[in-house]
Amino acid sequence: MAVITERFQAKVAILALGLILALLSNFMAEATSRRGLGEGDSGVFDVTSYGAKADGKADDAMAFVKAWVAACKSGGSAKLSIPTGTYMAGPVVFQGPCKGFMTVEVQGTIKATTDISDYSSPEWFSFEHIDGLIVNGGGTFDGQGAAVWKYNDCKDSSDCQLLPSSIKFMAVKNAIVHEITSLNSKSFHTHLVNCDNFTAHDLTITAPGDSPNTDGMHISRSNLVSVSNSQIGTGDDCVSIGQGATQVSIQNIVCGPGHGISVGSLGKYKDEEDVSGISVTGCTLKGTTNGVRIKTWPGSPPSKASSIAFEDITMDSVKNPIIIDQNYGSSKKEPSQVKISNVRYTNIKGTSISPMAVSILCSSEAPCTGIEMTDIDLQFMGKSSKSDTVSSSCSNAKITFGGKQNPPACDV
Ligand SMILES: *[C@@H]1O[C@H](CO)[C@@H](O)[C@H](O)[C@H]1NC(C)=O
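This is a predicted model, so every value here is computed, not measured. (Residues numbered from 1 in each chain as written. Predicted model: local features only at pLDDT ≥ 70, side-chain atom pairs only at ≥ 80, totals over all residues. Heavy atoms only, no water.)

A.B. asks: Honestly, the state of the cysteines in this entry has me stumped. Any pointers?
C.D. replies: By definition, a disulfide is the covalent link that joins the sulfur atoms of two cysteine residues. By the definition in use, this model includes four disulfides. Bridging Cys238 to Cys255, the disulfide has an S-S length of 2.1 Å. Torsion about the S-S bond of the Cys238 and Cys255 cystine: about 85 degrees, corresponding to right-handed handedness. In this pair, Cys238 sits in the loop between strand S14 (223-233) and strand S15 (239-241) while Cys255 sits in strand S16 (residues 246-255), placing the two residues 17 residues apart along the sequence. Each member of the pair Cys238 and Cys255 is classed as buried. With no disulfide partner, Cys283 has as its closest neighbouring cysteine sulfur the one in Cys255, 8.2 Å distant. Residue classification places Cys283 among the buried residues on the basis of a relative accessible area of 1%. (Disulfide = S-S within 2.5 Å. Helix = DSSP H or I, 4+ residues; strand = E, 2+ residues; numbered from the N terminus. Buried < 20%, exposed > 50% of the residue type's maximum accessible area, 1.4 Å probe, protein only.)

A.B. asks: Would you mind showing me how to read the pairing of strand S25 (residues 368-380) here?
C.D. replies: Both faces of the sheet carry side chains from a regular strand, because those side chains alternate between them. Here ten bridges tie strand S23 (residues 338-352) to S25, and the two strands are oriented parallel to one another. When the bridges of S25 are listed, Lys349 appears paired with Asp377. Bridge analysis of S25 against strand S27 (residues 397-406) gives seven bridges, and the strand direction is parallel. When the sheet's bridge partners are listed, Ile371 is paired in S27 with Ile399. (Pairing = 2+ DSSP bridges.)

A.B. asks: Please clarify how the side chain of Thr351 should be interpreted in this entry.
C.D. replies: Among the structural elements, Thr351 can be located in strand S23. In this view, Thr351 contacts Met315, Asp316, Ser317, Val318, Gln379 and Met381; residues no more than four positions away in its chain are not counted. (Contact = heavy atoms within 4.5 Å.)

Below you can see the structure in the form of structure tokens.
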């Protein structure tokens, strides 16, 4: 009896010890996983904890991606932090969908690698399939484009291979990008495709005036996009609004150098989607080749661009302040079939460096309709010219005029 009791007690003690050990190890595992998840500060994923060197030499792309994957999978709101310092990185894909709202805070400067054979797909940072994203932090994406611009042959070939864009947003929804600098991209600085509800403000986008295809922001197949309060100077369009862009608002942009703010080019490819609901307001163009422009390719498949408003625009030494060019990149002779309608120009003033300040050259196949020009006041500010007045030129367009017209309204 006594022996049995002792054995029984020993068994109970062992069981109890086992239970305590199991609970303890469970508790420790949970504590460890919690520490791993948040790096001590719940929800913050610092790239330097994932191997980023920030020495300006080692390729930190893999560390960025590892930190992103951890953040994206974590659940709840997660912040990927790229702290101050100089990073070097090849191509980076930030892939969703994620379990929660994502913030990417860039405080450092990230420099792109310059060997273009690193880039199997033409973008450097690619944000893909994300619903709920903030990108901010005051940091810089430096595309180091000067090393590769010489490989751009788009001047000679219309189906040239584009160099990588610096920051692409592909199928990104409910996003805000602000206080970010993009410097010297290899081609587009920022590129939106299939985005919905995308707000960008307080961006600084800079590249030399002679750098090829360095559009500040290119927007296509996206809905509800707002870009405001930004400084954009590049070698191409400050903002270009491509096919399938709807409900796009461009506000309070200072643009220059560059090719201006453009809708287009449209009609280059088959099956392009229509463009509608575009407003460009309160912008200043400084020393750009174009001011506000709509451009379509000749011989294009049919599509539409409608409900476009340009309002309260200041031109400062712009070559073609107001221009519709339906014969853009004119290698073909057939007229464009992109139908442009309901375009309002309101309160557009400032200076033109060419005498032809207004040029509305629409397609004979699909004439422009519903063009309204109200309070246009452009002064000629040429260097050496025979005339000191501005004029306008219009063809294949139905235009109504209101308020002041300088240049004088063209005959339509
Ligand atoms: C747009 O996205 C922002 C940021 O995620 C969000 O706060 C806002 O509610 C969204 N708006 C709409 C109309 O979905």
